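# Examination of the molecular architecture
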Amino acid sequence: MSRLVEQIDVDAPIQTAWDGLHRVEAYPRFLEGVREARPEGETRARLSTDMGGRTKEIQAEITDRDQEHLMRWKTTSGPDMSGSFSLLPIDQEHTRVQARVEYDPGTVKDTFGGPKGFAQVQAMERLVRTDLEHFKQLVEEKR
C-alpha cells in the first residue's frame, strides 16, 4: 500500500468544516472525478466516479470519532483505498484539515487507468491536494 498525507488550513470554525465533510451529496463539488454521491444509511456512501475515461461505482464505509473530529473511510467496492480526515482547531475561526490516503497502486491503476509508478504517486498527490483546495472553497463559502 502507498500512503500520502496532505493538509490545508481553512478559514472556518472546526464545526463548519466537520459538517462539510458529512454532506455526502456535496462530494462532487470537491472530490475530483466524483459525478454523484449519495448516503446509504448512517455509515455508507455510494459514489459514481469518472476517472481516466472510466465510469465506476464505488461504495465506501465511513466511521467517525466525533469528539476527536476524525473521520475514517474505506472502500468496500472498487479500488482498495482507505484513509481519514482529521480536523484540528487552529483558533475559533480557523481549522487545519489533514487528509491521509492509503491505496494499492496496482488496483487504482486497473480501476481508473493512468500512469504507473512515480508518475501515479505524483498524480495522487495532486489529486488529494486539489480536492483539499476545493473543500476549502466549499467550506469557506458556507460561512
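These remarks concern the structure in this document. (Residues numbered from 1 in each chain as written. Predicted model: local features only at pLDDT ≥ 70, side-chain atom pairs only at ≥ 80, totals over all residues. Heavy atoms only, no water.)

## Observations concerning the pairing of strand E6 (residues 81–91)
Which entries qualify depends on this criterion: Should DSSP find at least two bridges between two strands, the strands are taken to pair. Put simply, DSSP marks the helices as runs of H or I at least four residues long and the strands as runs of E at least two long, and each gets a number from the N terminus on.
Relative to E6, strand E5 (residues 70–77) runs antiparallel, the two being bridged by five bridges. Across the sheet, residue Trp73 finds its bridge partner in E6, namely Gly83. A loop of three residues connects E5 with E6, the two strands running antiparallel in sequence, and Gly78 in this loop sits at a positive phi of about 90°. As paired elements, E6 and strand E7 (residues 94–103) share ten bridges and run antiparallel to each other. Opposite Ser82, over in E7, you have Glu102 as the bridge partner. Hairpin geometry of E6 and E7 is characterised by an intervening segment of two residues between the two adjacent antiparallel strands.

## A short note on the environment of Tyr103
Structurally, the position occupied by Tyr103 is in strand E7. The spacing of Tyr103 and Lys74 is 29 residues in sequence and 9.8 Å in space, taken between C-alpha atoms.

## Here we look at helix H1 (residues 14–21)
Rules: Accessibility here uses a 1.4 Å probe with only protein chains present; expressed as a share of the type maximum, an area under 20% marks a residue as buried, one over 50% as exposed, and anything in between as partly exposed. Arc definition: it is the arc formed by the directions from the helix axis to the C-beta atoms.
Within H1, the full set of buried residues consists of Ile14, Ala17, Trp18, Gly20 and Leu21. In an axial view of H1, the angular spread of the buried residues amounts to 160°, which keeps them on one side of the axis.

## Side note on the packing of aromatic side chains
Heads up, the rule is: Aromatic pairs are defined between Phe, Tyr and Trp rings, using the six-membered ring for Trp, whenever the two ring centres lie within 6.5 Å; interplanar angles under 30 degrees are classed as stacked, those over 60 as edge-to-face, and all others as tilted.
Applying the stated criterion to the full structure yields two aromatic pairs. On the numbers, 5.5 Å between centres and 70° between planes, the contact of Tyr27 with Phe30 is edge-to-face. Remark: Phe30 and Tyr27 occur in helix H2 (residues 27–30); sequence separation between them is three residues, near one turn of the helix. Summarising the aromatic geometry, the rings of Phe30 and Phe135 are spaced 5.0 Å apart at their centres and angled 65° between planes, so their arrangement reads as edge-to-face. Taken as a pair, Phe30 in helix H2 and Phe135 in helix H4 (residues 117–141) lie far apart in primary sequence, 105 residues in all. The same class applies to Phe30 and to Phe135, which are both buried.

## Some remarks on the nonpolar core
The test is simple: Nonpolar cores are built from buried Ala, Val, Leu, Ile, Met, Phe, Trp, Tyr and Cys residues. Side-chain atoms within 4.5 Å join them into one set. We call two residues in contact whenever any of their non-hydrogen atoms come within 4.5 Å of each other.
With 33 residues, the main nonpolar core has Tyr27, Phe85, Leu87, Val97 and Val101 as its most contacted residues. For this core, the element with the highest residue contribution is H4, accounting for six residues. The residues touching Tyr27, leaving out its near neighbours within four places in the chain, are Leu21, Ala37, Leu47, Ile62 and Met71.

Function cannot be inferred from these measures alone, as they are strictly geometric.
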